[in-house]
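Per-entry structural report
Chain residues, written in single-letter form:
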Amino acid sequence: QVQLVESGGGLVQAGGSLRLSCAASGSIFAITAMGWFRQLPGKQRELVAAARSGGPTDYGDSVKGRFTLSRDGAKNTVHLQMNSLNPEDTAIYYCNANVLSFTDLRPTEYWGQGTQVTVSS
C-alpha cells in the first residue's frame, strides 16, 4: 500500500506565499518521479511541477519563476514553494508520484486526495 498525503493548502492573499508538502508512505522501493498537478475550476488537470529522480524539474509555463519544487528523498517527500500567488493560481493541487513498491515491482502512478489553494484578490 502506498499513500500520498498532502498538506499546506489554504487561503492566501494575492502576492502571498504557501508551501505545499506531499509525503509518500507505504511499501516503497523507489519513487521514480514525483510532483504536483492542479485543476483550476472548470479546467482539466495541468502540470505544476514534477521531476524524475535525479532529473530536472519540469514546470508549467504559468508558474515558472514563482514556484519551486524540492524533494527530500530520505522522507519520500516533495515540497512546492509557491510565491507571488495570484487569483489565477486558485485550484485544487494534487500530489503525484510514480512508485515502485516491494509488493508490486511495477511502476504505478499514485495521486493524493488534493488540497485546495485559494488566492484572494
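Throughout what follows, the structure given in this document is the object of discussion. (Residues numbered from 1 in each chain as written. Predicted model: local features only at pLDDT ≥ 70, side-chain atom pairs only at ≥ 80, totals over all residues. Heavy atoms only, no water.)

**Considerations on the overall build of the protein chain**
The condition that has to hold: Where helices and strands are cited, they refer to DSSP runs of H or I of at least four residues and of E of at least two residues respectively, numbered from the N terminus. Atoms considered for the radius of gyration are the C-alpha atoms alone. The globule rule reads 2.2 Å times the number of residues to the power 0.38. Only protein chains enter the calculation, and the probe is 1.4 Å; a residue is then buried if its accessible area is under 20% of its type maximum, exposed if over 50%, and partly exposed in between. Note on definitions: a residue-residue contact is assigned when non-hydrogen atoms from the two residues lie within 4.5 Å. Method for areas: the Shrake-Rupley scheme with a 1.4 Å probe, in which residue coverage is limited to the protein chains shown. Charge counting follows a simple rule: Lys and Arg are positive, Asp and Glu are negative, and His as well as the terminal groups are ignored. Taken as the charge location is NZ of Lys, CZ of Arg, CG of Asp or CD of Glu.
The secondary structure content of the protein chain amounts to zero helices and 11 strands. Here the protein chain has a C-alpha radius of gyration of 14 Å; the compact-globule value for 121 residues is 14 Å, and the two agree. Projected onto its principal axes, the C-alpha coordinates of the protein chain cover approximately 45 × 25 × 25 Å. Counting across all 121 residues of the protein chain, residues that qualify as buried make up 40%. Taking the intrachain contacts of the protein chain between residues at least 6 apart in sequence as the baseline, contacts between residues at least 24 apart amount to 57%. In the structure as shown, the protein chain presents an accessible area of about 6500 Å², 49% of it carried by carbon and sulfur atoms. Each charge class in the protein chain was averaged separately, 10 positive and 9 negative side chains, and the resulting centres sit 2 Å apart.

**What about the layout of surface pockets?**
What counts is decided by this rule: For each structure, a 1 Å grid was placed over the protein atoms alone; sets of points admitting a 1.4 Å probe that cannot get out are labelled cavities, open sets with protein on both sides within 12 Å along at least five of seven lines are labelled pockets, and lining residues have an atom within 4 Å of a point. Grid points are joined across faces, edges and corners, and a volume is the space filled by probe spheres set on the points. Side-chain classes are defined by residue name, with Ala, Val, Leu, Ile, Met, Phe, Trp, Tyr, Cys and Pro counting as nonpolar, Asp, Glu, Lys and Arg as charged, and the others, Gly among them, as polar.
Put simply, the largest pocket is a space of about 170 Å³. Along the wall of the largest pocket there are 14 residues; nearest its centre are Ala33, Ala50, Ala51, Arg52 and Asp58. For the lining of the largest pocket, the secondary-structure elements that each account for two or more residues are β4 (28-39), β5 (45-52) and β9 (91-101). Split by residue class, the lining of the largest pocket holds seven nonpolar, four polar and three charged.

**Some thoughts on the nonpolar core**
To keep it simple, the criterion reads: By nonpolar core is meant a set of buried Ala, Val, Leu, Ile, Met, Phe, Trp, Tyr and Cys residues that side-chain atoms within 4.5 Å join together.
Counting residues in each nonpolar core, the largest one holds 29 residues, and the members touching the most others are Met34, Trp36, Val48, Phe67, Leu80, Met82 and Tyr93. Considering every element that reaches this core, the biggest residue donor is β9, with five residues. Once residues within four sequence positions are removed from consideration, Met82 is found in contact with Gly16, Ser17, Leu18, Leu20, Arg66, Phe67, Tyr93 and Val117.

**Looking at a nonpolar patch on the surface**
Definition in use: Here, patches come from residues exposed beyond 30% relative accessible area and free of salt bridges, joined within 9 Å for like charges and within 5 Å for nonpolar side chains (Val, Leu, Ile, Met, Phe, Trp, Tyr). A pairing counts as a salt bridge when a side-chain nitrogen of Lys or Arg comes within 4 Å of a carboxyl oxygen of Asp or Glu.
Among the surface-exposed residues, Phe29, Phe102 and Leu105 lie close enough to one another that they form a single nonpolar patch of about 380 Å² accessible area. Along the chain, the position of Phe29 falls in strand β4.

**As for unusual backbone geometry**
Backbone phi values are negative for most residues with the exception of glycine, while trans is the configuration of most peptide bonds. Even without glycine at this site, Ser84 takes up a positive phi of about 50 degrees. The residue Ser84 is located in the loop between β8 (77-82) and β9 in this model. Classification of Ser84 as partly exposed rests on a relative accessible area of 43%.

**Re the environment of Thr57**
Residue placement: Thr57 occurs in strand β6 (residues 57-59). Its relative accessible area of 28% is what places Thr57 among the partly exposed residues. When the C-alpha positions of Thr57 and Glu88 are compared, they lie 22 Å apart, and in sequence the two are 31 residues distant. Thr57 has contacts with Ala49, Ala50, Ala51 and Leu69, leaving out every residue within four places of it along the chain.

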